[in-house]
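Chain by chain, the residues:
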Amino acid sequence: MAERRKAPREAWGSRLGVILAVAGSAIGLGNFLRFPVQAAKNGGGAFMIPYFISFLLLGLPLMWIEWTIGRFGGGFERSTAPGIFETVWQKNRFIKYFGVIGIFGPTIIFIYYTYIESWLLGYSVFALTGKYASCADQTSMAGFLQGYQGLVRNEHFSSIGTAYLFFLITFAVNVVVVWVGLRAGIERVCKLGMLVLFAFAIMIMVRVLTLGTPDPAQPEWNVDNGFGFLWNPRWADLKLARVWLAAAGQIFFTLSVGFGVILTYASYLRKRDDVALSGLTASTANEVAEVILAGSIVIPAAFVFFGPQGTMEIAEGGAFNLGFVTMPLVLQKVAFGQFFAFAWFFLLFIAGVTSSISLAMPAIAFLQDEFNLDRKTACILFAVVTFNLCQVVIFFNGHGALDEMDFWGGTFCVVVFAMVEVVLFAWVFGMDKAWSELHSGSDIRIPRIYRFIIKYVTPLFLVLILGFWFVQEGWPTLLLEKTPTEKVPFVIGTRVLLIDLFVALAFLVWLAWRKRESTEATR
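Rules used in this analysis
- Residues numbered from 1 in each chain as written.
- Predicted model: local features only at pLDDT ≥ 70, side-chain atom pairs only at ≥ 80, totals over all residues.
- Heavy atoms only, no water.
- Helix = DSSP H or I, 4+ residues; strand = E, 2+ residues; numbered from the N terminus.
- 1 Å grid on protein atoms, 1.4 Å probe; cavity = no way out; pocket = protein on both sides within 12 Å on 5 of 7 lines; lining within 4 Å.
- Points joined across faces, edges and corners; volume = space filled by probe spheres on them.
- Nonpolar A, V, L, I, M, F, W, Y, C, P; charged D, E, K, R; others polar.
- Buried < 20%, exposed > 50% of the residue type's maximum accessible area, 1.4 Å probe, protein only.
- Contact = heavy atoms within 4.5 Å.
- Phe/Tyr/Trp six-rings, centres within 6.5 Å; stacked < 30°, edge-to-face > 60°.
- Axes fitted to C-alpha atoms, helices over the stretch in contact; angles between N-to-C directions.
- Parallel < 35°, antiparallel > 145°, perpendicular 65-115°, else oblique.
- Left-handed = near helix turned anticlockwise from the far one by under 90°.
- Salt bridge = Lys/Arg side-chain N within 4 Å of Asp/Glu carboxyl O.
- Core = buried A, V, L, I, M, F, W, Y, C linked by side-chain atoms within 4.5 Å.

Student: Can you walk me through the environment of Trp-513 in this structure?
Tutor: Along the chain, the position of Trp-513 falls in helix H21 (residues 488-521). With 446 residues separating them in the primary sequence, Trp-513 and Trp-67 have C-alpha atoms 24 Å apart.

Shown next, in the form of structure tokens:
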């Protein structure tokens, strides 16, 4: 049995706190930017059919699995995937190395996510100061963003210095929150952050709903038709495999399942704390933010000012274009636009912070659990390593480094890790024992059909996703078929860096277990 530490273990201060922390981890940039784009591009209202099917057959089962085995591993004072996987399958000496993915993936995402997050803090300030007020169209606003990122020099920015300043502030905010601790830092920030986020989102949604028809020459460009553009179903699109893959992929992104962060959060629960209703509540909060709030803001607002053709072009341009180019232009055209623009960017910044602090936790908890480091020392080590790795993203942003990290950390690792979790939970741990553990201390009874879904349907769903994804994106990306020639050296360099990080983490796992075995042998 795993060794228990003598030092008191951290725990959540309240049930609401852990629910909002998990909801905060899930509610991120993907809710407000990625979801509307995916829905508009993949069938409109028809997209919601594969979306909710994926939620019921993939999202909820994985959410319950992570809450359950996270709490189970926490009973052995193990808070990260290597240790938790070993508690589930104690007879296998190699399963801990699969758990490395649950530290590697979140760390990689943290590296680039924190930099993107810092853009939102910068734009929150720019909204109040009117720095981008002279940008009157998509081209000039896109140029503003490129200048801010240091990709070009223009009348707005002569260097990357401004962006780097906001990155330093954002990075420091993340480190301080996790430094303070679980209850005083993460729980408190998520409680306040979710309150502010929902308040700002509701205010912006109400403002969008009252836009009316700003251009009398285009009376059909109104909010009602904007909702119709987003939600009217294009049934023929349901025949396309890409629509179903997009829906399943969105569920992964939106619920933070397959990342390993929920495992860590759930490990700080007490043995009789509910996980069934808490997991469902956190998932529901995320869906409200995504479907109701995010679905009522960006696409309808864009439709009012840019019409159907312009909105489709905006959606095709992707999430970053929608968030950093289109929305500032839209909000410039409404009364009190500076305030609403600040609210928009700051709510996204809050969503980013509550997500990124969860991404930092697996690595920090690993250092605490397996090397008996105190939280502050673990935070310092994590900060030093990730700060240096962030420089790759910042200074090679235009050369494919960010996309390469997102591909391996935010796509490939997520699906593989989810597959390992399902197999361990349903087939190794055993469905009878797993079902009993899931309902231990539970406030609800999950329908028994989910025994069948978790054991058979969810793994099959993941195999299909992984197979189609590998054929359509994985293999071409692995062979650099879609990478421009001038970016190939940078992508290869980034890939080598990621391999080195994974090997280093695997070595730390080996070292920690060797140390643990030596300690137990001397007793």
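Student: Would you mind going over empty space enclosed by the protein with me for this structure?
Tutor: By rolling a water-sized probe across the atoms, one finds the places where empty space is left. Tallied over the full model, the rule gives one cavity of 30 Å³ or more. What the largest cavity holds in volume is close to 30 Å³. Elements supplying a minimum of two residues to the lining of the largest cavity: helix H9 (182-209) and helix H15 (319-332). For the lining of the largest cavity, a count of residues per class yields six nonpolar, no polar and one charged.

Student: Before we go on, may I ask you to explain the side chain of Asn-286 in this structure?
Tutor: As for its position among the elements, Asn-286 is in helix H13 (residues 276-293). Residue class for Asn-286 comes out buried when judged on its relative accessible area of 0%. With near-sequence residues (within four places) excluded, Asn-286 lies in contact with Ala-26, Ile-27, Asn-31, Thr-254 and Leu-255.

Student: Would you mind going over the environment of Val-491 with me for this structure?
Tutor: Mapped onto the elements of the fold, Val-491 is located in helix H21. The class for Val-491 is buried, based on a relative accessible area of 3%. In the structure, Val-491 is positioned 450 residues away from Lys-41 in sequence and 28 Å away in space, judged by C-alpha atoms. Leave out the neighbours within four places in its chain, and Val-491 touches His-399, Gly-400, Glu-404, Leu-480 and Thr-483.

Student: Could you clarify how one ought to interpret the packing of aromatic side chains in this entry?
Tutor: Ring pairs (aromatic) are described by centroid distance and by the angle formed between their planes. The full count for this structure, using the stated rule, is 50 aromatic pairs. Note on Tyr-115 and Phe-167: the rings are 6.2 Å apart at their centroids and 75 degrees apart in plane angle, and the pair reads as edge-to-face. You can see Tyr-115 sitting in helix H6 (residues 101-129) and its partner Phe-167 sitting in helix H8 (residues 161-180), a full 52 residues away along the chain. For the pair Tyr-115 and Phe-167, a shared accessibility class is recorded, and that class is buried.

Student: Could you clarify how one ought to interpret the packing of H6 against helix H7 (residues 138-148) in this entry?
Tutor: Helix-helix packing: each pair is described by the crossing angle between the helix axes and the interaxial distance. H7 packs onto H6 with a crossing angle of 120 degrees between their chain directions and a minimal axis gap of 12 Å. Our classification of the angle between H6 and H7 gives oblique. Classified by chirality, the crossing of H7 by H6 is right-handed. Within the contact between the two elements, H6 uses Ser-118, Trp-119, Gly-122, Tyr-123 and Phe-126 and H7 uses Phe-144, Leu-145 and Tyr-148. Here the residues of the contact of H6 with H7 sort into six nonpolar, two polar and no charged.

Student: I'm lost on the pattern of salt bridges in this one. Help?
Tutor: A side chain with one charge can pair with a side chain of the opposite charge if their charged atoms come near. What the rule picks out here adds up to 14 salt bridges. As a salt-bridge pair, Arg-15 and Asp-274 come within 3.2 Å of each other at their nearest N and O atoms. Separated by 259 residues along the polypeptide, Arg-15 in helix H1 (residues 15-26) and Asp-274 in the loop between helix H12 (261-266) and H13 bring together distant segments of the chain. Taking relative accessible area as the criterion, Arg-15 reaches 39% and is therefore assigned partly exposed. Overall, Asp-274 belongs to the buried group, its relative accessible area being 7%. Residue Lys-191 pairs with Glu-187 through a salt bridge whose shortest N-O separation is 3.6 Å. A residue pair is termed a helical-turn pair when its members lie 3 or 4 positions apart in one helix, as Lys-191 and Glu-187 do in helix H9 at four residues. You can call Lys-191 partly exposed: its relative accessible area is 34%.

Student: Can you walk me through the nonpolar core in this structure?
Tutor: Note that soluble globular proteins tend to have their nonpolar side chains buried in a common cluster. Ranked by size, the top nonpolar core spans 191 residues in total, and within it Phe-32, Tyr-132, Ile-186, Phe-252 and Trp-344 carry the most contacts. It is helix H16 (residues 337-371) that provides the largest number of residues to this core, a total of 22 residues. Here Phe-252 is in contact with Leu-58, Leu-62, Val-257, Phe-259, Val-414, Val-415, Ala-418, Leu-462 and Ile-465, once residues within four sequence places are set aside.

Interpretation note: all reported values are geometric properties and have no functional meaning in isolation.
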